[in-house]
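For reference, the chains in residue letters:
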Amino acid sequence: MTTAVETAEKGALAVKPRRRWGVAALGAYTWLVILYTIAPIFVMIAYSFNQAAAGGKLTFAWLGFTTDWYVHLFDLAALTQALERSLEVASVATVGATLLGVPLALALARHRFWGKGFTDLVIFIDIAAPSIVVGASLLSLFISLDWPRGLMTIIIAHIAFDIPFVAVVVRARLEGLDRSIEKAAYDLGAGPWTAFYRVTLPLIWPGIVAGALLSFALSIDDFIITSFVAGQTLTFPLFVYGSVKVGIPPQVFAMGTLIFVGGIVLAILNALWQRRQTA
Amino acid sequence: MPRLGLGRRLAPYLLGLPAWAYLAVFFVIPLVAVLAVALETGNPDQGYTLTWHWSQLTSTISEYHVQFIRSFEYGAISTLIALVVSYPVAYWIAFYGGRHKSSMLLLVLLPFFVSFVIRTLTWNFILADSGFVLGTLKRWHLLSQSYHVLSTPTAVIAGLTYNALPFMVLPLYVALEQIDRRVVRAAHDLYAGQTMAFARVVVPLSAGGIFAGFLLVFVTNVGDYVNAAILGGPGTTMIGNIIQTSYLQNLDYPTASALSAWLLFSLLVAIALYARVFGTRQIQEYT
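Values in this document were obtained by computation on a predicted structure and should not be read as measured data.

Draft legend 1. Region of the structure containing the overall build of chain A. In terms of helices and strands, chain A carries 12 helices and 0 strands. Going from the N terminus to the C terminus, chain A shows its helices and strands as α-α-α-α-α-α-α-α-α-α-α-α. Taking 279 residues into account, the globule formula puts the C-alpha radius of gyration at 19 Å, and chain A, at 24 Å, lies well above it. If you line up chain A on its principal axes, its C-alpha atoms span 75 × 70 × 35 Å. In chain A, buried positions account for 39% of the 279 residues. Taking the intrachain contacts of chain A between residues at least 6 apart in sequence as the baseline, contacts between residues at least 24 apart amount to 79%.

Draft legend 2. Structural detail: the overall build of chain B. Counting secondary structure elements, chain B contains 14 helices and 2 strands. Scaling as 2.2 N^0.38, a compact globule of 287 residues should have a C-alpha radius of gyration of about 19 Å, whereas chain B reaches 24 Å, well beyond that. A principal-axis box enclosing the C-alpha atoms of chain B has dimensions of 80 × 75 × 35 Å. Here chain B holds 287 residues, and 44% of them are scored as buried. Considering only residue pairs separated by 6 or more positions, chain B has 69% of its internal contacts joining residues 24 or more positions apart.

Draft legend 3. Geometry of the confidence of the model for chain A. For chain A, per-residue confidence averages 86 on the pLDDT scale, and residues scoring 70 or more make up 92% of the total. Segment residues 1-12 of chain A is flagged for pLDDT under 50; beyond a separation of four residues in sequence, or across chains, it makes 8 contacts in the model.

Draft legend 4. Representation of helix H12 (residues 239-248) of chain B. With 8 of 10 residues buried, H12(B) lies mostly within the body of the structure. Among all positions of H12(B), only B:Ile239, B:Gly240, B:Asn241, B:Ile242, B:Ile243, B:Gln244, B:Ser246 and B:Tyr247 are buried.

Draft legend 5. Layout of the packing of helix H11 (residues 236-246) of chain A against helix H5 (residues 116-127) of chain B. Contact geometry of H11(A) with H5(B) gives a least axis separation of 8 Å together with a crossing angle of 25°. Regarding the angle of H11(A) to H5(B), the classification is roughly parallel. Residues A:Pro237, A:Val240, A:Tyr241 and A:Val244 of H11(A) form the contact with H5(B), whose own contacting residues are B:Phe116, B:Val117, B:Ile118 and B:Leu121. Residues belonging to the contact of H11(A) with H5(B) are distributed by class as follows: 8 nonpolar, no polar and no charged.

Draft legend 6. Expanded view of the interface of chain B and chain A. Of the residues lining the interface, 76 residues belong to chain B; the matching set on chain A comes to 70 residues. Of the residues forming the side of chain B that touches chain A, the biggest block, 19 residues, is contributed by helix H1 (residues 6-38) of chain B. By residue class, the composition of the side of chain B that touches chain A is 58 nonpolar, 14 polar and 4 charged.

Draft legend 7. Quick look at unusual backbone geometry. All names here are of chain B. Backbone geometry at Ser151 places phi at a positive 75°, although glycine is not the residue there. Mapping Ser151 onto the fold places it in the loop between helix H6 (132-139) and helix H7 (153-177). Overall, the presence of 16 C-beta atoms within 10 Å leaves Ser151 in the partly exposed class.

Draft legend 8. Representation of the nonpolar core in the model. One finds A:Ile163 and B:Ala90 to be the most contacted residues of the largest nonpolar core, which totals 149 residues. Of the residues forming this core, the biggest block, 15 residues, is contributed by H7(B). Setting aside chain neighbours within four positions, we find A:Ile163 in contact with A:Ala97, A:Leu100, A:Gly101, A:Leu104, B:Ala19, B:Tyr22 and B:Leu23.

Draft legend 9. Structural detail: the environment of B:Ile118. With respect to the helices and strands, B:Ile118 occurs in helix H5. When residues no more than four places from it in sequence are discounted, the contact partners of B:Ile118 are A:Met44, A:Val240 and A:Gly256.

Draft legend 10. Structural detail: the packing of helix H4 (residues 101-109) of chain B against H7(B). Residues and elements named next belong to chain B. Running from N to C, H4 and H7 cross one another at 150°; their axes reach a closest spacing of 9 Å. What the angle tells us is that H4 and H7 run roughly antiparallel. Taken together, the residues of H7 that come into contact with H4 (itself represented by Leu105, Val108 and Leu109) are Pro166, Val169, Leu170 and Tyr173. Tallied by class, residues from the contact of H4 with H7 come to 7 nonpolar, no polar and no charged.

Draft legend 11. Structural detail: the environment of A:Ser86. All names here are of chain A. Mapped onto the elements of the fold, Ser86 is located in helix H4 (residues 77-110). The spacing of Ser86 and Ser131 is 45 residues in sequence and 18 Å in space, taken between C-alpha atoms. Non-local contacts of Ser86, meaning those with residues more than four positions away in its chain, are made with Ile220, Thr235 and Phe236.

Draft legend 12. A look at the environment of B:Gly16. Locating B:Gly16 in the fold gives a position in helix H1. By the C-beta count within 10 Å, which is 24 here, B:Gly16 ends up buried. C-alpha separation for the pair B:Gly16 and B:Leu109, spaced 93 residues apart in sequence, amounts to 32 Å. In contact with B:Gly16, not counting residues within four places along its chain, are A:Pro103, A:Leu104, A:Ala107 and A:Thr119.

Draft legend 13. Fine view of the pairing of strand E2 (residues 47-50) of chain B. All names here are of chain B. Two strands pair when backbone bridges link them, and strand E1 (residues 40-43) and E2 are joined in this way by 4 bridges, in the antiparallel orientation. Each bridged residue has a counterpart across the sheet, and for Asn43 the counterpart in E2 is Gly47. As consecutive antiparallel partners, E1 and E2 are separated by 3 residues.

Draft legend 14. Representation of helix H2 (residues 20-47) of chain A within the structure. All names here are of chain A. Its 28 residues give H2 an end-to-end C-alpha distance of 40 Å, which sits within 8% of 40 Å, the value for a rise of 1.5 Å per residue. Taking the largest bend as the criterion, H2 deviates by roughly 40°, centred on Ile38, and proline Pro40 comes between one and four positions later. Listed in full, the buried residues belonging to H2 are Thr30, Thr37, Pro40, Val43, Met44 and Tyr47.

Rules of the game
- Numbers given to residues run from 1 along each chain, matching the order in which its sequence is written.
- Chain letters and ligand numbers both follow the written order, the letters beginning at A and the numbers at 1.
- It should be noted that, the model being predicted, local features are given only for residues of pLDDT at least 70 and side-chain atom pairs only at 80 or more, the latter also being counted only at that level, while totals for whole chains, interfaces and linings use all residues.
- By the criteria applied, helices consist of DSSP H or I runs no shorter than four residues and strands consist of E runs no shorter than two, each listed in order from the N terminus.
- For a compact globule the rule gives 2.2 Å times the number of residues to the power 0.38, and the radius of gyration it is set against comes from C-alpha atoms.
- To assign burial, the other C-beta atoms lying within 10 Å of each residue's own C-beta are counted, with C-beta atoms placed from the backbone; 20 or more indicates buried, 12 or fewer indicates exposed, and intermediate counts indicate partly exposed.
- Two residues form a contact once the distance between their C-beta atoms, set from the backbone, is within 7 Å.
- pLDDT is a residue-level measure of predictor confidence that goes from 0 to 100.
- The angle between two axes is taken between their N-to-C directions and runs from 0 to 180 degrees, where each axis is a line fitted to C-alpha atoms and a helix contributes only its stretch in contact.
- Working definition: roughly parallel below 35 degrees, roughly antiparallel above 145 degrees, roughly perpendicular at 65 to 115 degrees, and oblique for all remaining angles.
- Side-chain classes are defined by residue name, with Ala, Val, Leu, Ile, Met, Phe, Trp, Tyr, Cys and Pro counting as nonpolar, Asp, Glu, Lys and Arg as charged, and the others, Gly among them, as polar.
- Core membership is restricted to buried Ala, Val, Leu, Ile, Met, Phe, Trp, Tyr and Cys residues, and these are joined into a nonpolar core through C-beta atoms within 7 Å.
- By this definition, two strands are paired if DSSP reports at least two bridges between them.
- In this scheme, a helix's expected span is set at 1.5 Å multiplied by one less than its residue total.
- To obtain the bend at a residue, axes are fitted to the seven residues ending there and to the seven starting there, and the angle between these axes is taken.

Given below as structure tokens:
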């Protein structure tokens, strides 16, 4: 984080008149790219209000405005169930990954230990490895252990790919922390547990929340790894992918729109809360 | 620091052990196991046994080398386009965004709030033969009636590029934002023109961000199969599609594992090369 003074020093470069056009053109270009990036979101929202053809599936053609799909949001049992599964998987995986990832971050940020370099490497590879290889290798494991694929294996897989993200985010927070505050706690007679519980934990809490939110977001959106370990179980992304070939029920876009709006609201609340924490 | 006793020396192991054990069982061992399965022979009905069939690695790659090379080709092209498109955006937000920096960044990251599969799917609606864009152009006779984008390499690469944009802008922005403006000003004071200051000061200082973005996007896109499955056709099959069908439909685990091993190995070589040249530290910071 930069302080106000640094930000002021680094502030926008003074623009000479003859450069204004160039800067303006670059600005226009930036807005065009932003528009391009969010175009599919508008398409999703628009089609969630599109009337469906006789079969109850969405068509590429615009058939007229309707709010039916929001009124009948939960009419498709399979879709509703898939969404519930996704929320369930993301919640459980987030709790699991946070419980495992935070201590790992503490070990990495605060201690030197044998195998630290290797741990860093494993975390890096876990983040960098292509999903398809992670998914395929986990499926190999489950097949050789003869574990039936389903909700349990999905959650196991999600925790495995969430842990490194929680660890990296929390570790960054820990390393940005002023250690003299903790030393002061020790000087004032606090034991390691009290110091951790009363000083360190509250200070790294925003990092833990950020790590947990990231892992929730990754889990609820994961498609590739889940597709390998899911067996017959459907999560929301798997349901959507599966419906591409047989026709997309309009509720998919309605739910996508609601998840989008919910995500934005959560992100704004989190930003406001973080700002209050640092202020 | 308090006593440096046994407790303190054991602390990192106790703290790290649960996560370590978990990642060992559900990440490290499976990755190694992939190689073992790649050396098995048998068939879906009777099961597979480990026969150390090393030549399977070479025979699979020669059978699927077309899709393998195509994946790296699509991955490289989409990553390069994403880099070229994203750099000016990240640059403008970081240097001229002013008060609205965070809001503009949030707009770029907005697609993260929509499911990846739905995002890809909407391009199906946008690019459909009779959809809004092509349909309108055809009605105005600006395009021939038989013109189509879906099922072509263009559609797949466009989808890959689109999905890569936020992942590319974010690390670029972080790197560019950290550049001290006084360094750029110093370059101007030393008579560097706009282009010179940009090429010799700004770009080298953002190298960490460029390669973080490059790695994130390249690895994801080379191993992707969703874009090819939703936007592509028979001629755009990527290695991810082959691995997926071998595993889940043909139950041909050895072939799928051999291809996964090849994919992981090739990408790790690429990462190791970058890590050697630019250092992994910076890359980790952005991921």
